[in-house]
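Residue strings, one per chain:
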Amino acid sequence: MTGPRTTVRPTLAVVGATGAVGMVMLQILSQRADVWGEIRLIASPRSAGRKLAVRGEQVEVVALTEEAFDGVDIAMFDVPDEVAERWAPVAAAKGAVVVDNSGAFRMDPDVPLVVPEVNPHAVRTRPRGIVSNPNCTTLSMIVALGALHAEFGLRELVVSSYQAVSGAGRAGVETLRQQLSLVAGTELGTTPGDVRRAVGDHTGPFPEPVALNVVPWAGSLREDGWSSEEMKVRDESRKILGLPKLPVAVTCVRVPVITVHSLTVHARFQDEVTVDKAREILATAPGVVLCDDPAAGEFPTPADVVGTDPTWVGRVRRALDDPTALELFVCGDNLRKGAALNTAQIAELVAAELV
Ligand SMILES: NC(=O)c1ccc[n+]([C@@H]2O[C@H](COP(=O)([O-])OP(=O)(O)OC[C@H]3O[C@@H](n4cnc5c(N)ncnc54)[C@H](OP(=O)(O)O)[C@@H]3O)[C@@H](O)[C@H]2O)c1
């Protein structure tokens, strides 16, 4: 389905403009080539009247209501699942194309799940008027994997994530900062339970202390001990790559990093692979940076990757026991490519159709 064609620049609504993803979205909209007419900022009634900067101007936030979508061509949703579930169909019914960052519609067969570098064609078929943005963990690796899949034909994925706290929104960031202030300058981390006692009940959206710790859990409990985040990585990778039966094994882990998700990836392909060919593909794939010189101490880490747009890949090795498999270390900014940037790229694809 395509929306109405217009000769003027499309009007964009950013729903959830005050959140962790929304704030990064406003920066990205201020930095990218400006294809928009009005940009309308929408959040909960709690934020109505607040002013936020976008494209160098202060814009007042309005409360989420049906009228807020009057005249809107494209509406980005950066809000919790239940808010998107209720309001995205409202915006679509008012004629806006919705680009939704939440998990509410990603696995709906009538909603495309789009990564512009991997499956841009999918954006054009949107029977519900909604396009979904993948979750941040999947997005942090899928551009690199899409490029390798196009050449080698992916057959299996084994992935472990090292996820930043901003993946859990503002509350995640506040929790880690508060915990760090409680443990900084102490000798904690030497006896069982000492970090937990210092942090007390301040575990925020995480089941365990995240400062001075790693927590093998992200999301909510699903069947047979899997987490929702792990199921998302599996289901969404399959949908984006068009490989509905791809075997995917995932373990998601939270680490004390503010922003940038990292992943170790074991990817098995159809035939034998070479590191040279893999490096050539990764070095030239749009949206990917190869940073791989261990002899010089060069590999991607969140401390350097934060605030950047590409998917960074290092530690490229052929599996020791399988000539058809590669081992990779991948880093991506979960708030930029992992959320706001990919949404902005999708919205630009739709805007190009409308104008
Ligand atoms: N953080 C990530 O790395 C990441 C990555 C990919 C996707 N996502 C998804 O993106 C969405 C936003 O995540 P986030 O991390 O930005 O969350 P967040 O920091 O908690 O922000 C939530 C936003 O939603 C708004 N909101 C909440 N309840 C609302 C309501 N009833 N009506 C209208 N607006 C409401 C909030 O407005 P107020 O400020 O007025 O409360 C705020 O703007 C979620 O679905 C999340 O799963 C997040």
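Residues numbered from 1 in each chain as written. Predicted model: local features only at pLDDT ≥ 70, side-chain atom pairs only at ≥ 80, totals over all residues. Heavy atoms only, no water.

Draft legend 1. Representation of the environment of Ser228 within the structure. Structurally, Ser228 is set in helix 6 (residues 228-241). According to the relative accessible area criterion, Ser228 is buried, its value standing at 7%. Distance in space between the C-alpha atoms of Ser228 and Ala218 is 7.3 Å, their sequence separation being 10 residues. Setting aside anything within four residues of it in sequence, one finds Ser228 in contact with Ala218, Gly219, Ser220 and Arg222. (Helix = DSSP H or I, 4+ residues; strand = E, 2+ residues; numbered from the N terminus. Buried < 20%, exposed > 50% of the residue type's maximum accessible area, 1.4 Å probe, protein only. Contact = heavy atoms within 4.5 Å.)

Draft legend 2. The arrangement of the site of the ligand in detail. The local shell around the ligand holds 27 residues, among which Thr18, Val21, Ser44, Ser47 and Val79 are the closest. One of the backbone nitrogen or oxygen atoms of Gly19 is found 3.1 Å away from an oxygen atom of the ligand. One of the side-chain nitrogen or oxygen atoms of Asn334 is found 3.2 Å away from an oxygen atom of the ligand. A total of 900 Å² of accessible area belongs to the ligand in isolation, and the protein chains cover 83% of it. Elements with a minimum of two residues in the shell around the ligand: helix 1 (20-31), helix 2 (81-93), helix 4 (169-183) and helix 9 (336-354). (Near = heavy atom within 4 Å. Polar contact = N/O pair within 3.5 Å; in protein donor to acceptor, adjacent residues only side chain to side chain. Areas by Shrake-Rupley, 256 points an atom, 1.4 Å probe, with all protein chains shown as cover.)

Draft legend 3. Highlighting the pattern of salt bridges. In the structure shown here, the tally under the stated rule is 16 salt bridges. Between Glu353 and Arg126 there is a salt bridge whose closest N-O contact spans 2.8 Å. Residue Glu353 is located in helix 9, and its partner Arg126 is located in the loop between strand 6 (97-100) and strand 7 (130-132); the two are separated by 227 residues in the primary sequence. When its relative accessible area of 6% is taken as the criterion, Glu353 is described as buried. On the basis of relative accessible area, Arg126 is assigned to the buried category, the value being 0%. Put simply, Asp292 and Arg279 hold a salt bridge, and the shortest N to O gap is 2.8 Å. Of this pair, Asp292 sits in the loop between strand 11 (288-290) and helix 8 (302-305) while Arg279 sits in helix 7 (residues 275-284), and the two are 13 residues apart along the sequence. Asp292 gets classed as buried once you look at its relative accessible area, which sits at 10%. (Salt bridge = Lys/Arg side-chain N within 4 Å of Asp/Glu carboxyl O.)

Draft legend 4. Up close: the UniProt feature "domain: Semialdehyde dehydrogenase NAD-binding" (unreviewed entry) in the protein chain. Per the UniProt record, "domain: Semialdehyde dehydrogenase NAD-binding" (unreviewed entry) is found at residues 11-126. Helix makes up 22% of residues 11-126 and strand 24%, with an end-to-end C-alpha separation of 19 Å. (UniProt positions renumbered as here; feature names shortened; annotations may be inferred.)

Draft legend 5. Inspection of helix 1 at higher detail. When the terminal C-alpha atoms of helix 1 are compared, their 17 Å separation across 12 residues agrees well with the 16 Å that a helix rising 1.5 Å per residue should span. Within the sequence span of helix 1, burial applies to Ala20, Gly22, Val24, Met25, Leu26, Ile28 and Leu29. Residues of helix 1 that are buried in the fold lie against strand 1 (12-15), strand 2 (39-43), strand 3 (51-54), strand 5 (74-77), helix 4 and helix 9. (Expected span 1.5 Å × (residues − 1).)

Draft legend 6. Summary view of helix 7. Among the residues of helix 7, those classed as buried are Ala278, Ile281 and Leu282. The arc that holds the buried residues of helix 7, viewed along the axis, is 95°, so those residues lie on one side. Exposed and facing more than 90 degrees away from the buried side of helix 7 are Asp276 and Thr284. At its buried positions, helix 7 is contacted by helix 3 (136-152), strand 11, strand 12 (311-318) and strand 13 (325-332). (Arc of directions from axis to C-beta.)

Draft legend 7. Representation of the sheet that holds strand 10 (residues 261-269) in the model. With mixed pairing, 6 strands are arranged side by side in an open sheet as 9-8-10-13-12-11. The sheet is open, and its two edges are formed by strand 9 (248-254) and strand 11, each paired on a single side. Adjacent strand axes in the sheet meet at a mean angle of 25° when their direction is disregarded. Examined bridge by bridge, strand 8 (residues 154-163) and strand 9 share 7 bridges and lie parallel to one another. Residue pairing in the sheet places Ser161 in a bridge with Cys252 of strand 9. Strands strand 8 and strand 9 of the sheet are contacted by helix 6, whose axis makes an angle of about 135° with strand 9. Against the sheet, helix 7 engages strand 11, strand 12 and strand 13, with an angle of about 175° to strand 12. (Pairing = 2+ DSSP bridges. Axes fitted to C-alpha atoms, helices over the stretch in contact; angles between N-to-C directions.)

Draft legend 8. A look at unusual backbone geometry. Non-glycine residue Asp224 carries a positive phi angle of around 60°. Of note in the backbone geometry, Val260 takes a positive phi value of approximately 110° without being a glycine. Among the structural elements, Val260 can be located in the loop between strand 9 and strand 10. Residue classification places Val260 among the buried positions, given a relative accessible area of 0%.

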